[in-house]
Amino acid sequence: MSAEAADREAATSSRPCTPPQTCWFEFLLEESLLEKHLRKPCPDPAPVQLIVQFLEQASKPSVNEQNQVQPPPDNKRNRILKLLALKVAAHLKWDLDILEKSLSVPVLNMLLNELLCISKVPPGTKHVDMDLSTLPPTTAMAILLYNRWAIRTIVQSSFPVKQAKPGPPQLSVMNQMQQEKELTENILKVLKEQAADSILVLEAALKLNKDLYVHTMRTLDLLAMEPGMVNGETESCTAGLKIRTEEMQCQVCYDLGAAYFQQGSTNSAVYENAREKFFRTKELIAEIGSLSLHCTIDEKRLAGYCQACDVLVPSSDSTSQQLTPYSQVHICLRSGSYQEVIQIFIEDNLLFSLPVQFRQSVLRELFQKAQQGNEALDEICFKICACNTVRDILEGRAVSVQFNQLFLRPNKEKIDFLLEVCSRSINLEKASDSLKGNMAAFLKNVCLGLEDLQYVFMISSHELFITLLKDEERKLLVDQMRKRSPRVNLCIKPVTSFYDIPASASVNIGQLEHQLILSVDPWRIRQILIELHGMTSERQFWTVSNKWEVPSVYSGVILGIKDSLTRDLVYILMAKGLHCSAVKDFSHAKQLFAACLELVTEFSPKLRQVMLNEMLLLDIHTHEAGIGQSGERPPSDLISRVRGYLEMRLPDIPLRQVIAEECVAFMLNWRENEYLTLQVPAFLLQSNPYVKLGQLLAATCKELPGPKESRRTAKDLWEVVVQICSVSSQHKRGNDGRVSLIKQRESTLGIMYRSELLSFIKKLREPLVLTIILSLFVKLHNVREDIVNDITAEHISIWPSSIPNLQSVDFEAVAITVKELVRYTLSINPNNHSWLIIQADIYFATNQYSAALHYYLQAGAVCSDFFNKAVPPDVYTDQVIKRMIKCCSLLNCHTQVAILCQFLREIDYKTAFKSLQEQNSHDAMDSYYDYIWDVTILEYLTYLHHKRGETDKRQIAIKAIGQTELNASNPEEVLQLAAQRRKKKFLQAMAKLYF
């Protein structure tokens, strides 16, 4: 060993093996000791703390010489920090259970986005548009990890979260928590918007039949090397940690099942999907067994999900004897057999098989139905509550507040039923002394709470009462009841007015808050708040639930109300009303808003106008979701109120942007174009961008049939949209002295942001308006200089053909907008051939030829009764046919190319002959010869097969030529009929292949 090497070794061995606590991440960064640190039995700091610190350091903003905050620089140090974070996650084997438990949503979002980036997932491309089977295994696995995390995060966010008790107020800590909360909410909003796409991606993953690989520390190191040093290892099919197909499918099935189960609360039909996925997960766990290294499923939770699915979606072959008590109760509830539910609950009081929480949830469900106006359920609610109360006292719990409220007005029937439940709920021969003591104490307390001695004697003379209480105890109780002075029952007076509701007796605050969260009855909400404020004056009860959200433009006015009871009541009524409207429970929303309007009318004209605006929006939603869907026009009164809102000029009234959006969209959807073009006040066009946009759209619709020279408003609309899609530019001088151009997305040059325009468009349903907007964006997409394949659209000729300053337009955003608009329009009407052609052209332009063929064929099918009629020539133009030909050619379906060449106005023999010469065709080849009607092509086929010595195929071609209807001497009508029949059969065969 040389002296120099010996000195180096001695210097290395003398270094400290543990870094100083204050700069440990710098130590790991500089010394490349990460792997050594992670191999320690109990590394300090822990791996997940390393991820947080690495990403925090990499995302720190920089400050320039002018003390301006700049985004984090993309330098070598930050790239290494991000790589180190990914390596720590790879050390944890990308276990989402560990990562989710220890990392916040923003940090994990950043980590997985870095994984997508390093796995070469193209930025700006939707995952749902990518074919997982054609991607490298590590890229496909990165997409799966991200989308699994997305739906898991959505499901987790739907669970109630117990708010932590706040400690001593620290401004910096509170600001940091608030920023993290807002960031988390923004990420959740995006994830929820993309939830449907994430589910489609995971469903597509279940069809994969190959093993996947996830990045390890070694593959990440290889990716960080220079391209010439990798030697292709990371691109191979075996680079990284192998995830078997069964393990991947097991995790995906479980996560999809949880997502479907969460969606089942609003769409019960989805429970069937959840059941299928959970039971498939159980099958895969049984197949994998103890060999699984990377599949971690909480089997207890899975068993709970499966049991819940058995209740919600019982299998068709199950008999009543095989059904669990859960399933029996659920079936009875769905069929309205409430008496059977009562019998099941009474029998369960002996068995204790149903959890108390389940029994309470059944009562809550029935109680909510009763509050919605089903008075027949009042008696059922009391009986269920009595069964639950007896179960509670047998297990030593206190009598619930709900039972006391339902038993405020006892009668003979209630007493008889209660005694029946008590008698059937205890086996006196086998019951323990504690059970007998609990039952005796309950009956005694019921007697003490009764004022009518007749009811007291009904209980005291019952066999169960006599058995459980000694003679001395019974006599003492009866004497006590006789001597007691009568009390006045304050609850007999009926409630007649919203302001005359009396507060009931004091009860536990927690129970009342629970009722406050569940109730949607404004009268009941006020009663609960009166009771709560009677117990304590220090609490702000509008903060009880973090799900109560009121727009910030309103919350400032509401929280400025001095009286705490009124403040709580107004806030909660509005929050609950907005929630009911969001979940389309319009009847309850109207009740809540009406009560709130009545309340604020007396003291706040400003809040009164706010409530009138919200009730207008509610009426719009009610009509659109109800009779509006069948095409019935809204009443003239509603249209007048919408006009009144748009023309309102009251100062200092807080206004929500969404109401203006909905009002203008409402007018466009119901073709109130005359008002928008001729009657809108001039000040509105200057002050309200949505009115300006609505006027331009309405005027363009009106002028559309006219000559091109008269379409001035179309040009104005074009300029407005171009401004919205433009970017503001600024120049920056770099360290090397060169000036670079920086584009700022979502510029303020236009009358609104692009995201606001897209949100507004997604509220429109009128086909003509949607077609005009779509054609405008398609034209704007086609204007760019580097476009290779134009997209076609209806009415595209009305727009200008050039833009003075092409560099100012954000064409990337325009392309994304076109895709979003096509997706939305097809959700409105999936049978519009013009929109289907646009979707096909988009797929064609992005080299997704199979999907493009699917939509080209669908466009033809919807306008020809599945090709039983001729496809109109303005649908299957020569350009569309040529694109279909190119799709088939690139898919190696060369016989289909030759057949499609006949569809052109002038048959393209050169392309047809060239395609038939190909010998590696992936289609059915000679089985398609019956669809060829051009004799020249058939003769060429005969010659080609003869030349190749393919006798059988030559005979098939000769047979096709020999059909009498293809004889050139036939009349033109016969030849056309023969061609049309073959076109029909060929297109139908293609549709079956690609649909």
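I will try to describe carefully the structure that is included in this document. Every value quoted in this text rests on a predicted model; they were computed, and no experiment measured them.

Focus: the pattern of salt bridges
Counted by the stated rule, this structure contains 38 salt bridges. The salt bridge partner of aspartate 255 is arginine 152, with a shortest N-O separation of 3.1 Å. Linking aspartate 255 in helix α12 (residues 245-263) with arginine 152 in helix α8 (residues 137-157), this pair joins segments that are 103 residues apart in sequence. Aspartate 255 gets classed as buried once you look at its relative accessible area, which sits at 3%. Taking the shortest distance from any N to any O, the salt bridge between aspartate 619 and lysine 590 comes out at 3.6 Å. Linking aspartate 619 in helix α30 (residues 605-625) with lysine 590 in helix α29 (residues 586-600), this pair joins segments that are 29 residues apart in sequence. For aspartate 619, a relative accessible area of 17% gives the class buried. The exposure class assigned to lysine 590 is partly exposed, which follows from its relative accessible area of 42%.

Some remarks on the packing of aromatic side chains
Counted by the stated rule, this structure contains 25 aromatic pairs. A connected cluster of aromatic rings, assembled from ring pairs, spans Tyr254, Phe261, Tyr271, Phe278 and Tyr305. The cationic tip of arginine 275 hangs over the ring face of phenylalanine 279; the distance from NZ or CZ to the ring centre is 4.7 Å. When the ring centre of phenylalanine 417 is taken as origin, the NZ or CZ atom of lysine 383, which lies over that ring, is 5.2 Å away.

Observations regarding the state of the cysteines
Inspection of every chain in the model, using the stated rule, returns zero disulfides. Here cysteine 253 stays unpaired: no disulfide links it, and the sulfur of cysteine 250, its closest cysteine neighbor, is 7.2 Å away. Looking at cysteine 385, it has no disulfide partner, and the nearest cysteine sulfur is the one in cysteine 381, 8.6 Å off. Since its relative accessible area comes to 1%, cysteine 385 is described here as buried.

Structural notes on helix α41 (residues 849-862)
Over its 14 residues, α41 runs 20 Å from end to end, which matches the ideal 20 Å to within 8%, given 1.5 Å per residue. When you tally the buried positions in α41, you get 10 out of 14 residues, the bulk of the element. Residues of α41 that are buried include every one of Tyr849, Ala852, Leu853, Tyr855, Tyr856, Leu857, Gln858, Ala859, Gly860 and Ala861, and no others. For α41, the elements touching its buried residues are α39 (811-828), α40 (833-845), α42 (878-890) and α47 (972-994).

Digging into unusual backbone geometry
The phi angle at arginine 671 is positive, at roughly 55 degrees, despite the residue not being glycine. Its location among the elements puts arginine 671 in the loop between α32 (657-669) and α33 (673-679). A positive phi angle, near 60 degrees, is found at asparagine 892, a position not held by glycine. Residue placement: asparagine 892 occurs in the loop between α42 and α43 (894-901).

A look at helix α26 (residues 522-535)
The terminal C-alpha atoms of α26, which comprises 14 residues, lie 20 Å apart, in line with the 20 Å expected from a rise of 1.5 Å per residue. Among the 14 residues of α26, 10 are classified as buried, and the element is accordingly described as predominantly covered. Along α26, the residues classified as buried are Pro522, Arg524, Ile525, Arg526, Gln527, Ile528, Leu529, Glu531, Leu532 and His533. Against α17 (356-371), α19 (401-406), α25 (509-518), α28 (564-582) and α29 lie the buried residues of α26.

Some thoughts on the packing of helix α37 (residues 754-761) against α39
Where α37 contacts α39, the two axes come as close as 11 Å, and the packing angle between them is 15 degrees. With respect to their mutual orientation, α37 and α39 come out roughly parallel. Viewed along their axes, α37 and α39 form a crossing whose handedness is right-handed. Across the interface between the two elements, Arg754, Leu758 and Ile761 of α37 pack against Ala813, Thr817, Glu820, Leu821 and Tyr824 of α39. Looking at the contact of α37 with α39, its residues break down into five nonpolar, one polar and two charged.

Concerning the nonpolar core
Core analysis: the largest hydrophobic core is formed by 161 residues, its most contacted members being Leu646, Phe777 and Tyr876. Broken down by element, this core gets its largest block of residues, 10 residues, from helix α38 (residues 767-783). Counting contributing residues per domain, this core is built from domain 3 (505-626) and domain 4 (852-994), each supplying no fewer than three. Beyond its immediate sequence surroundings of up to four residues, phenylalanine 777 is in contact with Val721, Cys725, Leu757, Ile761, Val814, Thr817, Val818 and Leu821.

Each value, and the rule that gives it
Residues numbered from 1 in each chain as written. Predicted model: local features only at pLDDT ≥ 70, side-chain atom pairs only at ≥ 80, totals over all residues. Heavy atoms only, no water. Salt bridge = Lys/Arg side-chain N within 4 Å of Asp/Glu carboxyl O. Helix = DSSP H or I, 4+ residues; strand = E, 2+ residues; numbered from the N terminus. Buried < 20%, exposed > 50% of the residue type's maximum accessible area, 1.4 Å probe, protein only. Phe/Tyr/Trp six-rings, centres within 6.5 Å; stacked < 30°, edge-to-face > 60°. Lys NZ or Arg CZ within 6 Å of the ring centre and 35° of its normal. Disulfide = S-S within 2.5 Å. Expected span 1.5 Å × (residues − 1). Contact = heavy atoms within 4.5 Å. Axes fitted to C-alpha atoms, helices over the stretch in contact; angles between N-to-C directions. Parallel < 35°, antiparallel > 145°, perpendicular 65-115°, else oblique. Left-handed = near helix turned anticlockwise from the far one by under 90°. Nonpolar A, V, L, I, M, F, W, Y, C, P; charged D, E, K, R; others polar. Core = buried A, V, L, I, M, F, W, Y, C linked by side-chain atoms within 4.5 Å. Domains from an automatic or database assignment.

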